[in-house]
Amino acid sequence: MSRPPATSRKRRVLALLALLLACQPEPKTSALNTLQASNADGAGFARSGARAVSKVGYVGCDVWHGADGTLGRGEAQDSEDVKATSGKDQDEVEEAGTSREPVLAGEGFTILRGSCRLCPLLQADWLDKTAEEIRSFGAEEVGYWIRAVLEEESYDNDEDEEVVQEITNTLKVQSVKGRALLLLTSDDMKDMKIPVGPRKVLENRIAAVSKATAKVPDAREAIQDIRSPSWTVHSPRAMAPQLIAREEAKAAILEYIKGVLSQEEYYWEPASRKCAILTTAGIKGTGKTRVLHEMCTSWVCETGETGAKAALIVDFNEKSSWDHSKAATEVFSVFSKLLLQQSGMPADKAENCARVLPWKQVMQCLREKLNLGDEDLLLVGIDEIRQLETVAGKDGAVQLISDLMAAQDESLLQTSSCPVIFVWTSLLESYMPMLMSDSGRRILPTISLRGLPLAKALELLPSDLREALEKEPFGRQLVRQLLGHPRLMFDALIQEYSKHKPPRNPLAWNQLQSHIVSYAKLGDRKALDSIEVARWYSPLRSTTQSGLEDLCLRGVVHSVRCGDSWINILHPILLQLWARSEETSLADQINQMFEQDAIMEAPPDIMVHFDCAVRLALGENNCTLKQLFPGASFWSERGGLPNIIVTSTQNVLAPLEYVESFADVEAVLESLKNGKIVVSKLRNEPGIEYLIPWMVPNQDDRRRIRDLKPPCNKTESASLLVLGIQTKCVGGNVPKWASVAKSAQEALAGFQNHPDVLGALPVFYTTEVRVKTPPKNLEIPSIYFNEVGLAKLLLQRTGPLRLFFLKPGKPLEKMLPDFFESKRSALHKRA
């Protein structure tokens, strides 16, 4: 909270003092003596340099004020003099820190109730102390100064004295207490266990006092500070491990640099003479900063690729460098400060130079320090411009980008020397086009940094780590859950696995997952809002664009290549962490998918929980079979099966029911009518493994289903459609689909022939890759998935579960090149 000028504060206090003195009769001697005795320790305070001139006492103030100790009677508060005081004067009295409620301190005497331990005059006196005066404080004076600061900000509670004592006790071991006070940082006070509120107040006041009295150099001194040999420019350094799978990004940036230098039309607007803007984008940890460092360290003059002589990086993620009070109005100054500070200049000198020098002069001095000639190109990577908007607002971010690009235009159009090129990064692909929509500049297609190919990422892991992960099903699943995310794969996995003992049970693996996500700072489980997860799993609704961008910002949404395009998925490791923490049926089914993926070599249970999760997300909304089963082949098309509308009566409290077998048709049918998915405990159940109930509300759709298998004994009211699921994961081809169809038909016969059942259709989930459509000898009406169809059905919602990692066939390898390099997993390779 800002503080009024000292003269204004004193004027208010004097008005209060005059008002009180006019209303005060002589006190009784006995009461006066009592109060004087109780405040005898005030002399020490007076000797410390405060001006104890007020004749008003304050509750909680342990200092006696005034030579005669005169205090006003309680009746004075109701005197006509007080009532005659103007509203303005009363406001000033209240602002001085007192209320008009009296508190009896003795017979006929009053102490005004106030919120401070120091009277306002003394408080103002201490708050006026300069940094030079504070540096000479002893421990006692440090305490008075801290009290005054806290009281001004209305932090009047029992914590105040604890704060004062904790800080003064700590500083007593310092040789110069006042100087040590001005050097206290927020972290220092945090270590002292100072509460957040008082800590922030003191931190801001210390910074304000130090800044108010700091000597600001003139332009000549600032230039000398930049040129000073006492510090050396920190150019970007190469990072490990080696950069992989970023060839497209590197090539695009290189083409941009070459095109800008040669002023090709694609990179310049001939009419406006404005250069196009290039941005790289990707979720947290995908390598945006790394690409900038690669640009700055590998593409300078020694490679001959760009002709650049030097490079610098400004990282807007360094929030500790922000001056929050200035960012919105002095954006260019903030940029200059960060550029100098992150280049290696001491922070205090960087701030002073940025305050007195224009950006062009800062750049010129840095170029001289880098030994760049007037024609030498300087590359500048600007990392995460969106962080600037959070501090300076949209207008501030627009201002900075516009000014910097204008400077780039000027330098490259040869109206000025010192050529410079900027390359930007952002978390969102849409951010820069949105921000610069009115700039008149061409915004080049964003360079999107996605997940690394899993096989290539695995090759960079230490061989002993790969071997350890390969031994355990949970380890193999963990690698798939990381999905080639650079920070998760290389930083978090390596660091956390080495710090903890190799996990020996599911709980230990779960803890390792949590440590990995926490270390990588990828996102948090709160970002996976339940509504967004439900939309993600629903076959009808999709996540809104704003919701998708919000999830991308938190690193929750991840993109993977699917052929020549990209699809978005909820990041598997974060999705499982969310599912463990949420207490809903949907979350439980998602978690069960992951758990079954880790412990089961065959995937039937994975599919059970997937189907259940989709039904829970759909709720009681209508849906066509084609929407419900994208990627499936329907037999037969002539009956309009894909367009049949179904709806669910899902039992959300107990969505799954396990039975010994399907032999008792009536009992199973009763569970189906109650909206439960029924699963057989018999792993060798002939033909089908679980049954899913759907209702068909439309009369025309019911007729189509009845006509699929005439003659039938169905009544007009029959609306229950039973889907019998069979999962058939194989290592090769299925030689006799006719026998498979016959088994399914026989298993469903008891339900198909029941008068209460409208129809019973088999659904085949299989890793068969030979057949792209249902075989001709599979003549019963059915829904059929091969391996590629299953990928379309599951991948976007669940990520790469075990089903896709058994023995992927050629079609799936072609569809998902980032997942598979051959039938043999990269985990099995040895260094």
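Criteria and cut-off values
- Residues numbered from 1 in each chain as written.
- Predicted model: local features only at pLDDT ≥ 70, side-chain atom pairs only at ≥ 80, totals over all residues.
- Heavy atoms only, no water.
- Salt bridge = Lys/Arg side-chain N within 4 Å of Asp/Glu carboxyl O.
- Helix = DSSP H or I, 4+ residues; strand = E, 2+ residues; numbered from the N terminus.
- Buried < 20%, exposed > 50% of the residue type's maximum accessible area, 1.4 Å probe, protein only.
- Pairing = 2+ DSSP bridges.
- Contact = heavy atoms within 4.5 Å.
- Axes fitted to C-alpha atoms, helices over the stretch in contact; angles between N-to-C directions.
- Expected span 1.5 Å × (residues − 1).
- Bend = angle between axes of the 7 residues up to and from the residue.
- Polar contact = N/O pair within 3.5 Å; in protein donor to acceptor, adjacent residues only side chain to side chain.
- Right-handed = clockwise from strand over helix to strand, strands pointing away.
- Core = buried A, V, L, I, M, F, W, Y, C linked by side-chain atoms within 4.5 Å.
- Domains from an automatic or database assignment.
- Phe/Tyr/Trp six-rings, centres within 6.5 Å; stacked < 30°, edge-to-face > 60°.
- Parallel < 35°, antiparallel > 145°, perpendicular 65-115°, else oblique.
- Left-handed = near helix turned anticlockwise from the far one by under 90°.

Q: Would you take a moment to explain the pattern of salt bridges for this structure?
A: Pairing between side chains becomes possible if they bear opposite charge and their charged atoms approach one another. One pass over the structure, following the stated rule, counts 18 salt bridges. A salt bridge links Glu-269 to Arg-442; the nearest nitrogen and oxygen atoms lie 3.6 Å apart. With Glu-269 in strand β3 (residues 268-269) and Arg-442 in the loop between α20 (431-435) and β9 (447-448), this pair connects stretches of sequence that are 173 residues apart. On the basis of relative accessibility, which here comes to 24%, the residue Glu-269 falls in the partly exposed class. Taking the relative accessible area as the measure of exposure, Arg-442 reaches 26% and is therefore partly exposed. A salt bridge links Glu-496 to Lys-499; its shortest N-O distance comes to 3.1 Å. You can see Glu-496 and its partner Lys-499 sitting in helix α24 (residues 486-499), three residues apart, about one turn around the helix. Take Glu-496: its relative accessible area is 4%, and that puts it in the buried class. Residue Lys-499 is classed as exposed on the basis of its relative accessible area of 55%.

Q: Would you mind going over the sheet that holds strand β8 (residues 420-426) with me for this structure?
A: Strand-to-strand pairing in sheets goes through backbone hydrogen bonds, with the strands running parallel or antiparallel. The strand order across the open sheet formed by five strands is β6-β7-β8-β5-β9, and the pairing between neighbours is parallel. For this open sheet the edge positions go to β6 (308-315) and β9, each flanked by a neighbour on one side alone. In this structure, strand β7 (residues 377-383) lies alongside β8, joined through five bridges in parallel fashion. By the bridge assignment, Leu-378 is partnered in β8 with Val-420. Strands in contact with helix α14 (residues 247-261) are β5 (279-281), β7, β8 and β9; relative to β8, the strand with the most contacts, it is inclined by about 145 degrees. Seen against the sheet, helix α15 (residues 288-298) touches β5, β6, β7 and β8 and runs at an angle of roughly 170 degrees to β7.

Q: Before we go on, may I ask you to explain unusual backbone geometry in this structure?
A: Glycine aside, residues mostly have negative phi angles, and peptide bonds mostly take the trans form. With phi around 70 degrees, Lys-193 is a residue other than glycine that occupies positive phi space. In this structure, Lys-193 sits in the loop between α11 (186-191) and α12 (196-213). Overall, Lys-193 belongs to the exposed group, its relative accessible area being 71%. The residue Asn-371 is not glycine, and still its phi comes out positive at about 60 degrees. By the element assignment, Asn-371 lies in the loop between α18 (359-369) and β7.

Q: Could you clarify how one ought to interpret the sheet that holds strand β15 (residues 656-659) in this entry?
A: Taken in spatial order, the seven strands line up as β13-β20-β19-β18-β17-β16-β15 in an open sheet, and their pairing is mixed. Lying at the two open borders of the sheet, with one neighbouring strand each, are β13 (633-635) and β15. Shown here is a sheet whose adjacent strand axes are inclined to one another by a mean of 20 degrees, direction ignored. Sheet analysis places β13 next to strand β20 (residues 782-785), joined by three bridges and oriented antiparallel. Opposite Trp-635, over in β20, you have Ser-782 as the bridge partner. Contacts between helix α30 (residues 604-618) and the sheet are confined to β15, β16 (677-680), β17 (690-695), β18 (720-728) and β19 (757-766), with β17 contributing the most and set at about 15 degrees to the helix. Its contacts with the sheet put helix α34 (residues 737-752) on β17, β18, β19 and β20, and the angle it makes with β19 is roughly 150 degrees.

Q: Help me out: how do you make sense of α24 in this one?
A: Along an α-helix, a turn takes 3.6 residues, which lines up residues three or four apart on a common side. With 14 residues, α24 ought to run about 20 Å at 1.5 Å a step, and its terminal C-alpha atoms sit 19 Å apart, in line with that. A bend of about 35 degrees at Ala-492 is the largest found in α24. Residues Pro-486, Leu-488, Met-489, Phe-490, Ala-492, Leu-493, Glu-496 and Tyr-497 constitute the buried set of α24.

Q: Help me out: how do you make sense of the side chain of Ser-671 in this one?
A: Residue placement: Ser-671 occurs in helix α32 (residues 665-673). Among the residues examined, Ser-671 registers a relative accessible area of 9% and is labelled buried. Within the structure, the side chain of Ser-671 is placed 3.0 Å from the side chain of Glu-657, a separation counted as a polar contact. With residues up to four places along the chain from it excluded, the contact list for Ser-671 reads Glu-657, Lys-676 and Val-678.

Q: Before we go on, may I ask you to explain the pairing of β16 in this structure?
A: Side-chain alternation along β16 places Ile-677 and Val-679 on one buried face and Val-678 and Ser-680 on a second face that is also buried. In this structure, β15 lies alongside β16, joined through four bridges in parallel fashion. Residue Leu-656 lies in a different strand from β16, and its bridge partner there is Ile-677. For the handedness criterion, the β-α-β arrangement of β15, α32 and β16 is classed as right-handed. Bridging between β16 and β17 involves two bridges; their strand directions are antiparallel. The residue of β17 that forms the bridge with Val-678 is Leu-691.

Q: It is not clear to me how the nonpolar core should be interpreted in this structure. Could you clarify?
A: The nonpolar side chains of a soluble globular protein tend to be buried, and buried together. In terms of nonpolar packing, the biggest core is built from 164 residues, with Tyr-256, Phe-335, Trp-424, Ile-590, Phe-629 and Tyr-765 touching the most fellow members. Counting residues per element, this core draws most heavily on α30, which supplies 10 residues. In terms of domain composition, this core takes at least three residues from each of domain 1 (248-451) and domain 2 (599-825). When near neighbours in sequence (up to four residues on either side) are disregarded, Ile-590 contacts Val-533, Tyr-537, Leu-575, Trp-578, Ala-579 and Ala-613. Residues Trp-145, Val-164, Ala-180 and Leu-202 belong to the second largest nonpolar core, which totals 27 residues.

Q: What's the story with the packing of aromatic side chains in this structure? I'm lost.
A: Aromatic rings considered in pairs are described by the distance between their centres and by the relative angle of their planes. On inspection of all chains with the given rule, the structure shows 12 aromatic pairs. Note on Phe-335 and Trp-359: the rings are 6.4 Å apart at their centroids and 50 degrees apart in plane angle, and the pair reads as tilted. Placement of Phe-335 in helix α16 (residues 331-343) and of Trp-359 in helix α18 is noted, with a sequence separation of 24 residues between them. Among the residues examined, Trp-359 registers a relative accessible area of 9% and is labelled buried. Between Phe-629 and Phe-785 the ring centres are 6.0 Å apart and the planes differ by 75 degrees, which places this aromatic pair in the edge-to-face class.

Q: Explain the environment of Lys-309 to me, please; I cannot follow it from the model alone.
A: Structurally, Lys-309 can be placed in strand β6. With a relative accessible area of 42%, Lys-309 lands in the partly exposed category. Residues Lys-309 and Asp-376 lie 67 residues apart in sequence; the distance between their C-alpha atoms is 6.0 Å.

Q: Would you explain the packing of helix α25 (residues 506-520) against helix α28 (residues 572-581) in this entry?
A: When two helices pack together, their arrangement is given by the angle between the helix axes and the distance between those axes. At their nearest, the axes of α25 and α28 sit 10 Å apart, and the two run at 120 degrees to each other. As far as their axial angle goes, α28 and α25 are oblique. α25 and α28 meet at a crossing whose hand is left-handed. Contacts from Asn-510, Gln-513, Ser-514 and Val-517 of α25 reach α28 at Ile-573, Leu-574, Gln-576, Leu-577 and Arg-580.

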